[in-house]
There are 2 protein chains.
Amino acid sequence: MSKLNGDLEVLVEPSVEEAVKALRRGFSQGRLLLVIGPCTVDYEGRARSTLSLGERVIICKPDGSFMVHRPTGYEPVNWNPPGALASVYVEDGSLKLVSIRKRPPEKLVVNLSRVYLVASLKLEDSGVFALHASEEEMRRAVLIKPELIEEGFKPMEAERAIDGLEGYADLVGEDVEGNLVVVEFKRVTAGREAVLQLKQYVDALSSRTSRRVRGILAAPSVTKEGLRLLEQLGFKFVRLDPQVCYQLIKSASVKPSTGLLDYL
Amino acid sequence: MSKLNGDLEVLVEPSVEEAVKALRRGFSQGRLLLVIGPCTVDYEGRARSTLSLGERVIICKPDGSFMVHRPTGYEPVNWNPPGALASVYVEDGSLKLVSIRKRPPEKLVVNLSRVYLVASLKLEDSGVFALHASEEEMRRAVLIKPELIEEGFKPMEAERAIDGLEGYADLVGEDVEGNLVVVEFKRVTAGREAVLQLKQYVDALSSRTSRRVRGILAAPSVTKEGLRLLEQLGFKFVRLDPQVCYQLIKSASVKPSTGLLDYL
DNA sequence: CGTGCCAGGTGCCCT
DNA sequence: AGGGCACTTGGCACG
């Protein structure tokens, strides 16, 4: 099936009036809009910002997402997330692009004196995005092969509240001696903050049981200060690589008939 | 000064060969490139991801930033930050856009069977971006008007390390009774995590002095659990709005001759 | 370069 | 809606 011309409208160096017409048509048809040209930007909401004159790329998506991109940087310099409402009008011969978010109240105004390019596109994207080697997969890998944590470790509860309050533990289980074990996963180098988080869960669980509660931090690496705090609290560090966990899950799911047993 | 046509090259429905030529020329000239069309995306690096066929917008900036945008969502579905290196080639009749980051090693491959649009732009942007109502401005406002924290509060050290280790306190000072006070600022609603951070600084400072050390959390609001933990630790919550702090700083800097004295 | 921490963080999931 | 937390977080400042 070939893409028709009606799905792609491009205006090069349009007048402000031509641009506003194309953009309004685009908004009403749920199109993704690209506007390129010299502009100033004002933002007021949770914070405030001003951006003086320069050439930028503005993207308005049909879901309300609104982004102003400078020629450098990964992040948009100004934006509104999905759910915002965009509009366009002419004032003093300039094109004004306005994006308004209801809550929290945020207003973005882009002022273009000239327009280099307007592109209006009806894009279809029902593609499936799959992400691997996440923290969640580390947890799943340990459920499949508990000795990744330590010999004799038995997972009990996966995630969920320790008792409805005070945060959530990534994983709770028992060690070979019957002690309770709280495991905190990090997919990147763990620092002091991760250890403090673990301590919170251990303390919360300790206050609800007479059994000994151990803390284990599972991550690809720890910072020096993180390790220091860990040892000071009597907790343990277990090296665990998210990529290795992903490979394990992959192998396990590829041969579902025997996969699970291989690791039990 | 008028923008010349040479600074804006647009190809509508180009062949894969035409597209690759325009893109290579664009890369070598430090241009911002927009590519639109149906594609699949594969990512491998700190994590991994796949994205099946759909129509997307790809942005390559001259600083190496690389983004793949779906028709919905504020964030790019795949990306590389500035410093990455992009290249383009043809394989099996498809256009391949590759972005490689050295460290951490990350590789992004976009595979386009067709190209709806290529735009190549030389954008100039020397505009100044100014952000207000940040956490830093909250701190500066308190330095100008310490009673925002409490009557008799005297700021001492301008944040930085408590003693070279264990994180940084936002602000340290003395209260009217001569006790040490650690202030933690949050520009949004503060939760348990903010309180734990404050506790760290208070404990670290306590261990280095015989004086009493108080903890104060300054934020526009606190979560219920945050407040609970705060009271449990004997710390204090002070309501402080970043927007109000910004107004204060603005007034103070507008009349520099008398501004400071007005608040002392 | 590692370590720590803010961000107009955003997004996801939970009560 | 509020709360807790991961994120390919990115970005900056500092030892």
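Presented here is a report on the structure given in the accompanying data block.

## What to know about the overall build of chain A
Across its full length, chain A holds six helices and 15 strands. By residue count, 51% of the 264 residues in chain A fall in the buried class. Considering only residue pairs separated by 6 or more positions, chain A has 55% of its internal contacts joining residues 24 or more positions apart. Total accessible area on chain A is roughly 12500 Å²; 52% of this is exposed by carbon and sulfur atoms.

## Quick look at the side chain of Ser 94 of chain B
Topologically, Ser 94 of chain B is positioned in strand β7 (residues 94–101). Within polar-contact distance, the side chain of Ser 94 of chain B engages the side chain of Asn 111 of chain B at 3.5 Å.

## Overview of the relation of the copies chain B and chain A
Overlay of chain B on chain A (RMSD 0.2 Å): rotation 180 degrees, translation along the axis 0.0 Å. One copy is carried onto the other by what is essentially a two-fold rotation axis. Nearest to the rotation axis, the C-alpha of Leu 196 of chain B is located 3.8 Å from it, this being the minimum over chain B. Interface overlap between copies is the fraction of interface residues in one copy that are interface residues in the other; for chain B against chain A it reaches 100%, indicating a shared surface.

## A word on helix α1 (residues 16–28) of chain B
Residues and elements named next belong to chain B. In this model α1 runs 18 Å from its N-terminal to its C-terminal C-alpha over 13 residues, within 8% of the 18 Å that 1.5 Å per residue would give. Among the residues of α1, those classed as buried are Val 16, Ala 19, Val 20, Ala 22, Leu 23 and Gly 26. Summarising the axial view, the buried residues of α1 lie within an arc of 165 degrees, below the 170-degree limit, and thus occupy one face. In this structure, α1 carries Lys 21 and Ser 28 as exposed residues pointing more than 90 degrees from its buried face. On its buried face, α1 is in contact with β1 (8–12), β2 (32–44), β6 (85–91), β7 and β9 (117–121). Just downstream of α1, Gly 30 is the residue with a positive phi angle, here 65 degrees.

## Describing the interface of chain B and chain A
On the chain A side, the residues contacting the 74 residues of chain B number 74 residues. A combined buried area of about 6100 Å² lies between chain B and chain A, and 56% of that area is made up of carbon and sulfur atoms. Applying the counting rule to chain B against chain A returns four salt bridges. Across the pair Arg 56 of chain A and Asp 125 of chain B runs a salt bridge whose closest N-O atoms are separated by 2.7 Å. Counting across the interface, chain B meets chain A through 32 residue pairs in polar contact (both at pLDDT 80 or more).

## Let's talk about the pairing of strand β6 (residues 85–91) of chain A
All names here are of chain A. Note: β6 against strand β7 (residues 94–101), seven bridges, orientation antiparallel. Following the sheet pairing, Ser 87 is matched in β7 by Val 98. If you look at the hairpin formed by β6 and β7, you'll find two residues sitting between the two strands, and Asp 92 has a positive phi there, around 55 degrees.

## Observations regarding the protein's contact with DNA strand D
Around DNA strand D, 30 residues are found, and the nearest of them are Arg 103, Arg 187 and Tyr 201 of chain A together with Arg 46 and Glu 225 of chain B. Per the 4 Å cut-off to the protein, sugar and phosphate atoms form 85% of the nearby atoms of DNA strand D. Within the residue set of the surface near DNA strand D, elements represented by two or more residues are β10 (129–132) and α3 (192–206) of chain A together with β5 (78–80) and α4 (224–232) of chain B. The class makeup of the residues in the surface near DNA strand D is 12 nonpolar, five polar and 13 charged.

## Description of the environment of Gln 29 of chain B
Residues and elements named next belong to chain B. Its location among the elements puts Gln 29 in the loop between α1 and β2. Gln 29 gets classed as partly exposed once you look at its relative accessible area, which sits at 37%. A C-alpha to C-alpha distance of 8.5 Å links Gln 29 and Pro 62, two positions 33 residues apart in sequence. Separated by 2.7 Å, the side chains of Gln 29 and Arg 31 make a polar contact.

## Describing the pattern of salt bridges
Residues and elements named next belong to chain B. Across all of its chains, the model carries 32 salt bridges over all chains by this definition. Linking Arg 101 and Glu 106 is a salt bridge whose minimum nitrogen-to-oxygen distance equals 3.0 Å. Judged by its relative accessible area of 4%, Glu 106 falls in the buried class.

## Points about the protein's contact with DNA strand C
The environment of DNA strand C is made up of 30 residues, and the closest members are Trp 79 and Glu 106 of chain A together with Leu 131, Arg 187 and Gln 197 of chain B. Near the protein, meaning within 4 Å, the atoms of DNA strand C are sugar or phosphate in a fraction of 82%, with bases accounting for the rest. The separation between a phosphate oxygen of DNA strand C and a polar side-chain atom of Arg 103 of chain B is 3.3 Å. Within the contact set of DNA strand C, a phosphate oxygen lies 3.1 Å away from a backbone nitrogen or oxygen of Glu 135 of chain B. Where the surface near DNA strand C is concerned, the elements lending two or more residues are β5 (78–80) and α4 (224–232) of chain A together with α3 (192–206) of chain B. Per-element accounting of the surface near DNA strand C gives the leading share, three residues, to β5 of chain A. Across the surface near DNA strand C, the residue classes break down as 10 nonpolar, seven polar and 13 charged.

Each value, and the rule that gives it
Residues numbered from 1 in each chain as written. Chains lettered and ligands numbered in written order. Predicted model: local features only at pLDDT ≥ 70, side-chain atom pairs only at ≥ 80, totals over all residues. Heavy atoms only, no water. Helix = DSSP H or I, 4+ residues; strand = E, 2+ residues; numbered from the N terminus. Buried < 20%, exposed > 50% of the residue type's maximum accessible area, 1.4 Å probe, protein only. Contact = heavy atoms within 4.5 Å. Areas by Shrake-Rupley, 256 points an atom, 1.4 Å probe, with all protein chains shown as cover. Polar contact = N/O pair within 3.5 Å; in protein donor to acceptor, adjacent residues only side chain to side chain. Least-squares fit on C-alpha atoms with pLDDT ≥ 70 in both. Expected span 1.5 Å × (residues − 1). Arc of directions from axis to C-beta. Buried area = accessible area lost by both parts, 1.4 Å probe. Salt bridge = Lys/Arg side-chain N within 4 Å of Asp/Glu carboxyl O. Pairing = 2+ DSSP bridges. Near = heavy atom within 4 Å. Nonpolar A, V, L, I, M, F, W, Y, C, P; charged D, E, K, R; others polar.

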